[in-house]
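# Chain and residue survey
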Amino acid sequence: MRLPVSFFQRPTLEVAPDLLGATLFVENEGRKCSGRIVEVEAYLGPDDPASHAAGGPTPRSRIMFGPPGRAYVYFIYGMHHCLNFVTEKEGRAGAVLIRALEPLDGREIMRKRRGGVPDGRLCDGPGKLCQALGIGREWNGMPLDGTGALRLYLEKTAEKVHFERTPRIGISKAAARPYRFIRTP
DNA sequence: TGGATGATCGCA
DNA sequence: GCGATCATCCAG
């Protein structure tokens with residue numbers, strides 16, 4: 001079942017765990033790739049010091065304050081992109097960072113984009129999955145229901161999903177908050 | 001463990 | 001303008 005945009009119009013900390021187990025589909029360069037979401041992190045609004053939305057809207061973080069159910073893609077460390085899903089109702093900032101996928105369809109082209117790493121390393125990091133799926137800045141702002149100029153969408157899982165919560169990775173501010181969600185067996 | 005590599009943002 | 005910082009990745 002396709003996830004509607006309204007799925008994202010909720011508190012970020014509720015959306016994040018609900019995304020675990022969902023399948024992300026990306027149509028790019030005439031190819032369709034998909035992967036199961038297995039790790040995410042929540043980033044909140046101005047009250048979350050680790051969030052790009054801390055300190056109010058900026059040219060980069062503007063999308064986080066806009067309507068939910070869109071992609072927030074940013075460039076970091078001079079060489080990587082990260083994919084987020086915008087949450088909360090319009091005017092309130094929030095996003096979920098997609099940190100890892102289990103690759104499903106399109107592994108051939110993902111391997112090609114990733115330079116022939118083993119399948120287990122294709123999408124096991126936020127920068128890696130963007131490289132595998134061919135996601136760059138041009139995907140920023142794309143709706144998550146496949147209605148944009150570049151198509152991506154999600155399907156919900158029917159399975160019961162187990163997960164654990166841990167602190168977020170690679171941040172220095174608000175590092176103690178348990179806003180990371182990992183799918184467990 | 002540190003280097004690559006460039007956009008971003010606060011402060012001057 | 002300037003520079004510290006950065007939601008990363010990979011080689012060694």
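Quick note: structure is the one above.
Nothing here was measured: the structure is a model prediction, and the numbers come from that model.

Each value, and the rule that gives it
- Residues numbered from 1 in each chain as written.
- Chains lettered and ligands numbered in written order.
- Predicted model: local features only at pLDDT ≥ 70, side-chain atom pairs only at ≥ 80, totals over all residues.
- Heavy atoms only, no water.
- Near = heavy atom within 4 Å.
- Polar contact = N/O pair within 3.5 Å; in protein donor to acceptor, adjacent residues only side chain to side chain.
- Helix = DSSP H or I, 4+ residues; strand = E, 2+ residues; numbered from the N terminus.
- Nonpolar A, V, L, I, M, F, W, Y, C, P; charged D, E, K, R; others polar.
- Core = buried A, V, L, I, M, F, W, Y, C linked by side-chain atoms within 4.5 Å.
- Buried < 20%, exposed > 50% of the residue type's maximum accessible area, 1.4 Å probe, protein only.
- Contact = heavy atoms within 4.5 Å.

### Remarks on the protein's contact with DNA strand C
The immediate surroundings of DNA strand C are formed by 22 residues, with Y74, Y77, N84, G127 and K128 found nearest. Looking at DNA strand C alone, sugar and phosphate atoms form 57% of those within 4 Å of the protein. One of the backbone nitrogen or oxygen atoms of G127 is found 2.6 Å away from a phosphate oxygen of DNA strand C. Between DNA strand C and K128, the relevant distance is 2.9 Å, taken from a phosphate oxygen to a main-chain nitrogen or oxygen of the residue. Secondary-structure elements contributing two or more residues to the surface near DNA strand C are β3 (71-76), β4 (80-86), β5 (95-103) and α3 (126-133). Of the residues in the surface near DNA strand C, the class split is 11 nonpolar, 7 polar and 4 charged.

### Let's talk about the nonpolar core
By size, the foremost hydrophobic cluster in this structure holds 38 residues, and its most contacted members are L19, L24, I37, L83, F85, I98 and L133. Excluding its chain neighbours within four sequence positions, the residues that come into contact with I98 are I37, E39, V40, L83, F85, P126 and L129. If you look at the next biggest cluster of nonpolar residues, it comprises 13 residues, including Y43, A93, A95 and L97.

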